[in-house]
Amino acid sequence: MGPVPELEDRARRCADRLRDADEVLLTSHIDADGLTSAAVAASALERAGIPFETVFSKQLDREEVAAIAETGYDTVLFTDFGSGQLDIIAEHERAGDFTPVIADHHQPATVAADGGTGAGGAGGSESGGSGETRRVDTEYHLNPLLEGLDGASELSGAGAAYVLARALEPEGTDSRDLAALAIVGAVGDMQDGDGGLQGANEGIVREGVEAGVVEEATDLALYGRQTRPLPKLLEYASEARIPGISNDEAGAVKFLSGLDLDLKEDGDWRRWVDLTTEERRTLVSSLMQHAVSRGVPASRIEDLIGTSYTLLAEEPGTELRDVSEFSTLLNATARYERADVGLAVCLGDRDDALERARTLLRNHRRNLSEGLQWVKTEGVTREEHVQWFDAGTRIRETIVGIIAGMAIGADGVDPNVPIVAFAEKSEDEVKVSSRGNHRLTRRGLDLSVVMRECSQAVGGDGGGHDVAAGATIPQGTQSEFIERVNALIGDQLDD
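Reading the values: the criteria
- Residues numbered from 1 in each chain as written.
- Predicted model: local features only at pLDDT ≥ 70, side-chain atom pairs only at ≥ 80, totals over all residues.
- Heavy atoms only, no water.
- Helix = DSSP H or I, 4+ residues; strand = E, 2+ residues; numbered from the N terminus.
- Rg over C-alpha atoms; globule rule 2.2 N^0.38 Å.
- Buried < 20%, exposed > 50% of the residue type's maximum accessible area, 1.4 Å probe, protein only.
- Contact = heavy atoms within 4.5 Å.
- Areas by Shrake-Rupley, 256 points an atom, 1.4 Å probe, with all protein chains shown as cover.
- Lys, Arg positive; Asp, Glu negative; His and termini not counted.
- Charge placed at Lys NZ, Arg CZ, Asp CG, Glu CD.
- Pairing = 2+ DSSP bridges.
- Phe/Tyr/Trp six-rings, centres within 6.5 Å; stacked < 30°, edge-to-face > 60°.
- Salt bridge = Lys/Arg side-chain N within 4 Å of Asp/Glu carboxyl O.
- Axes fitted to C-alpha atoms, helices over the stretch in contact; angles between N-to-C directions.
- Left-handed = near helix turned anticlockwise from the far one by under 90°.
- Nonpolar A, V, L, I, M, F, W, Y, C, P; charged D, E, K, R; others polar.
- 1 Å grid on protein atoms, 1.4 Å probe; cavity = no way out; pocket = protein on both sides within 12 Å on 5 of 7 lines; lining within 4 Å.
- Points joined across faces, edges and corners; volume = space filled by probe spheres on them.
- Core = buried A, V, L, I, M, F, W, Y, C linked by side-chain atoms within 4.5 Å.
- UniProt positions renumbered as here; feature names shortened; annotations may be inferred.
- Patch = residues over 30% accessible without salt bridge, like charges linked within 9 Å, V, L, I, M, F, W, Y side chains within 5 Å.
- Parallel < 35°, antiparallel > 145°, perpendicular 65-115°, else oblique.

## Remarks on the overall build of the protein chain
(1) Moving on: What the protein chain contains, in helices and strands, is 18 helices and 17 strands.
(2) Moving on: Over its C-alpha trace the protein chain gives a radius of gyration of 23 Å, about what one expects of a compact globule, namely 23 Å for 495 residues.
(3) Moving on: Principal axes of the C-alpha set define a box for the protein chain whose edges measure 70 × 60 × 40 Å.
(4) Moving on: Relative to its 495 residues, the protein chain shows a buried fraction of 55%.
(5) Moving on: When contacts within the protein chain are restricted to residue pairs at least 6 apart in sequence, long-range pairs at least 24 apart make up 68% of them.
(6) Moving on: Accessible surface for the protein chain amounts to roughly 20,800 Å². Of this, 43% is attributable to carbon and sulfur atoms.
(7) Moving on: Between the mean site of the 47 positive side-chain charges and the mean site of the 89 negative ones, the protein chain shows a separation of 5 Å.

## Concerning the pairing of strand β16 (residues 461–464)
(1) Moving on: As paired elements, β16 and strand β17 (residues 468–474) share four bridges and run antiparallel to each other. Looking at β17, one finds that G464 is bridged to A469.
(2) Moving on: Where β16 hands over to β17, the hairpin turn is made up of three residues, counted between the paired strands.

## Looking at the packing of aromatic side chains
(1) Moving on: Going through the model one piece at a time under the given rule, you end up with five aromatic pairs.
(2) Moving on: Here the aromatic rings of W388 and F422 are separated by 6.0 Å at their centres, their planes lie at 80 degrees, and the arrangement is edge-to-face. Residue W388 is located in strand β13 (residues 387–390), and its partner F422 is located in strand β14 (residues 419–424); the two are separated by 34 residues in the primary sequence. For the pair W388 and F422, one class covers both residues: buried.
(3) Moving on: Among the aromatic residues, those joined into a cluster by ring pairs are F78, F81 and F98.

## Overview of unusual backbone geometry
(1) Moving on: Even without being glycine, N247 reaches a positive phi, approximately 55 degrees.
(2) Moving on: For N247, the position within the fold is in the loop between α8 (230–235) and α9 (249–257).
(3) Moving on: Its relative accessible area of 58% is what places N247 among the exposed residues.

## Some words on the pattern of salt bridges
(1) Moving on: With the rule as written, the count across this model stands at 27 salt bridges.
(2) Moving on: We note a salt bridge from R47 to D177, for which the minimum N-O separation is 2.8 Å. Of this pair, R47 sits in helix α2 (residues 32–47) while D177 sits in the loop between α5 (157–168) and α6 (179–188), placing them 130 residues apart in sequence.
(3) Moving on: One salt bridge in this structure joins R271 and D274, with 3.1 Å as the shortest N-O distance.
(4) Moving on: Salt bridges sharing partners connect three or more residues here, namely K58, E337, R396 and E397.

## Overview of the sheet that holds strand β2 (residues 52–56)
(1) Moving on: One open sheet holds the five strands; their spatial order is β2-β1-β3-β4-β7, and the pairing between them is parallel. Since the sheet does not close on itself, it has two edges, and those belong to β2 and β7 (141–142), each with one partner.
(2) Moving on: Examined bridge by bridge, strand β3 (residues 75–79) and strand β4 (residues 99–103) share five bridges and lie parallel to one another. Within the sheet, the bridge partner assigned to L77 lies in β4 and is V101.

## Considering the packing of helix α17 (residues 447–457) against helix α18 (residues 478–492)
(1) Moving on: With their axes 9 Å apart at the nearest point, α17 and α18 run at an angle of 145 degrees to one another. The crossing of α17 and α18 is right-handed. The segment α17 lies against α18, with L447, V449, V450, M451, E453, C454, S455 and A457 engaging E480, F481, R484, V485, L488, I489 and Q492.
(2) Moving on: Of the residues belonging to the contact of α17 with α18, the class tally is 10 nonpolar, two polar and three charged.

## Description of the layout of surface pockets
(1) Moving on: Here the second largest pocket defines a volume of roughly 400 Å³.
(2) Moving on: Lining the second largest pocket are 19 residues, with T218, D219, W272, R280 and S308 positioned closest to its centre.
(3) Moving on: Elements supplying a minimum of two residues to the lining of the second largest pocket: β8 (214–220), α10 (277–293) and β11 (305–311).
(4) Moving on: For the lining of the second largest pocket, the element with the highest residue contribution is β8, accounting for five residues.
(5) Moving on: Within the lining of the second largest pocket, the residues separate by chemical class into seven nonpolar, five polar and seven charged.

## A closer look at the nonpolar core
(1) Moving on: With 87 residues, the main nonpolar core has L18, L77, I183, F326, F389 and I395 as its most contacted residues.
(2) Moving on: In this view, I183 contacts L197, I204, V205, V214, Y309 and V323; residues no more than four positions away in its chain are not counted.
(3) Moving on: By size, the runner-up hydrophobic cluster in this structure holds 23 residues, among which are L445, V449, I482 and V485.

## Some words on the UniProt feature "domain: DHHA1" (unreviewed entry) in the protein chain
(1) Moving on: Per the UniProt record, "domain: DHHA1" (unreviewed entry) is annotated on residues 414–489.
(2) Moving on: Structurally, residues 414–489 is divided into 37% helix and 32% strand, and its ends, taken at the C-alpha atoms, are 15 Å apart.

## Description of a negative patch on the surface
(1) Moving on: A contiguous patch of negative charge on the surface is contributed by D262, E265, D266 and D268.
(2) Moving on: Tracing the sequence through the fold places E265 in strand β9 (residues 264–265).

## Observations regarding the packing of helix α3 (residues 62–69) against helix α4 (residues 86–94)
(1) Moving on: Close contact between α3 and α4 brings their axes to 10 Å; oriented N to C, the two are set at 30 degrees. Relative to α4, α3 is oriented roughly parallel. With respect to the hand of their crossing, α3 and α4 are arranged in right-handed fashion. For the pair α3 and α4, the contacting residues are R62, V65, A66 and A69 in the first and I88, I89, E91 and H92 in the second.
(2) Moving on: Considered class by class, the residues forming the contact of α3 with α4 number five nonpolar, one polar and two charged.

And the structure:
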């Protein structure tokens, strides 16, 4: 039995098709989940002795799929995208250009029931028919949504690739070591909500623990436990804002200096990973007492503790040891057109590729900081059901979604209202990113539908997940787009 029993039959069919291929073109998305998906799939293909080539795409649209068809590969494996573009892919499949094998977790495309292109397919337009739609499918399609599992919270693209990898492994071999990368992908896709990874992801975590590559624990739920000196760990703790410590360097130093602990070594501040269990317990207890004394609500204090995932094969104190830091490192490669560097790190390069990734990460952090400061300074525009900002060329279109997520909860940005961000993609196109939260999705918010329908209505296209989605729209259509977004979110959240 595989890690996700519900997907076992689909995984087996996909694996059988890949084994029958003379060679495979592996194509994947460029974010952390896409990179880890590609790495898991590449490792599985190599172990199975299947020749392949790997390419990456920022956006899988009609033009990109046509270019893939022109490569001449008989079999194309899509990871972390493909489901939402199945209407386009199916056209090439019917034409005999290639056979698609898809391991994805995004919403599958739909077409109008009368055969015209519906509002759900990438690159499609609204049908003039009855309005009824049907889901597009293909024979080799591995997606949790097709079996009633939530692709936004229960299984990532890397998780789908891992399920495929387990089905593809040669007899007598064990691919459970690849669970480490699948967990990095899931966390990079923000699936580690309250209580850590849930649903189908739990089966992958279990296999990673059994294989000895992953440690699951309850720990301080702050980013940077492996690499940040303690004052920086607390100062930058956006996960649980604590007055007098968060965003306050002097306050963080004062708090730590007041503890009866030796938190420096050779004059330098130690990191969380350097502390003993007893020292960690003392620091957490003091941090909670401080938060209570400053009036921090109990719910936010509870957020200080969460589930951590440690990759045991990686060097302690490095970005690769903690899955959150690993995923951030990967985001810093592909979003600056260096997906090859991120893939090399995933596949084990700890020399040149890792150093290049670290350089890109420093640049990434600087850009995120500057972008977030720009949003705080310029502010957001508030509509009835959505808030938004248009960064133009001030923020790279590849990171504007991350910054939109970071801005939630900052001064003037309502954490309980979806946020939409625009950035220039080209002279003719605008990139759109949207972020919500799980409280809103439980009330009916589905940003995947919002981005897809509203973008197609203005001549663009989009999709994604209910809690986070994106689109590309023509320049000059931002106002009409936002009007449609505001109205549709209002309809979704109408109690």
